[in-house]
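Chain by chain, the residues run as shown.
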Amino acid sequence: AVVSTQSTGSKSTNDPVAPTRDSVSSDTDVSERCDESPIVREGYLIKQGNMVKNWRRRWFTLSRSYLIYREEEGTPTKGQIRMCDIKLTRRSERYPDKRFLFEVITSKRTYYMMASSQDEMDGWTDAISHILKNPSDTSSL
């Protein structure tokens, strides 16, 4: 079952595009490949930029293979994180003023993302953690 979340947040413009890294690439939009695994969860989160440390609302799509983000639903991919590159996801205390903040940790970068509620944050971190613990299990998501 696909879980779609629609959180509120201020829409931002004039977002500089950060350079890609090994685990993040926007060269190929994997979400348009026909062999891609089904969507597990999607919805808006607030993500901290890589180079400019500002916070931007992004549409995220989680599958067993990738965590993809875009400016808005249906727009081109801004970045993607391969699930095999993710080491851990957990609640973050890095920015005490940010409620419902969690981090997605890869060997190259830590991504900071903020949900609109505790339930939404738990949903994202639980879904990512489940995929990391059970990479080939498609029955229990």
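Trainee: Describe the overall build of the chain, with residues and values.
Mentor: Helix and strand counts for the chain come out as one helix and eight strands. Listed by position from the N terminus, the elements making up the chain come as β-β-β-β-β-β-β-β-α. Counting the 141 residues in the chain, one finds 48% classified as buried. Considering only intrachain contacts with a sequence separation of at least 6, the fraction spanning at least 24 residues in the chain is 53%.

Trainee: Lay out the pattern of salt bridges in plain terms, naming residues and giving numbers.
Mentor: Applying the stated criterion to the full structure yields five salt bridges. Of the charged contacts, one joins aspartate 85 and arginine 82 as a salt bridge, the two residues approaching to 2.9 Å between their closest N and O atoms. Assessed through its relative accessible area of 14%, aspartate 85 is described here as buried.

Trainee: Explain the pairing of strand β8 (residues 110-114) to me, using residue names and the numbers behind them.
Mentor: Of all the five residues making up β8, four are buried; the element is thus mostly covered by neighbouring parts of the structure. Where strand β2 (residues 39-48) meets β8, two bridges bridge the pair, whose relative direction is antiparallel. Within the sheet, the bridge partner assigned to isoleucine 46 lies in β8 and is methionine 114. The pairing of strand β7 (residues 101-106) with β8 spans five bridges and is antiparallel.

Scoring rules and cut-offs
- Along every chain, residues carry numbers that run from 1 in the direction the sequence is written.
- For this predicted model, a pLDDT threshold of at least 70 governs which residues receive local features, and a threshold of 80 or more governs which side-chain atom pairs are given and counted, while totals over whole chains, interfaces and linings are taken from all residues.
- Only hydrogens and water are removed before side-chain values are computed, so all heavy atoms of the structure are retained for them.
- Helix and strand definitions follow DSSP, with helices as H or I runs of at least four residues and strands as E runs of at least two, each counted in order from the N terminus.
- Only protein chains enter the accessibility calculation, which uses a 1.4 Å probe; a residue whose area is less than 20% of its type maximum is buried, one above 50% is exposed, and one in between is partly exposed.
- Note on contacts: a residue pair is in contact if any heavy atoms of the two residues lie within 4.5 Å.
- The term salt bridge refers to a pairing of a side-chain nitrogen on Lys or Arg with a carboxyl oxygen on Asp or Glu at a separation within 4 Å.
- DSSP-based pairing: two strands are paired if at least 2 bridges between them are found.

All quantities given are derived from atomic positions and should not be read as evidence of function.
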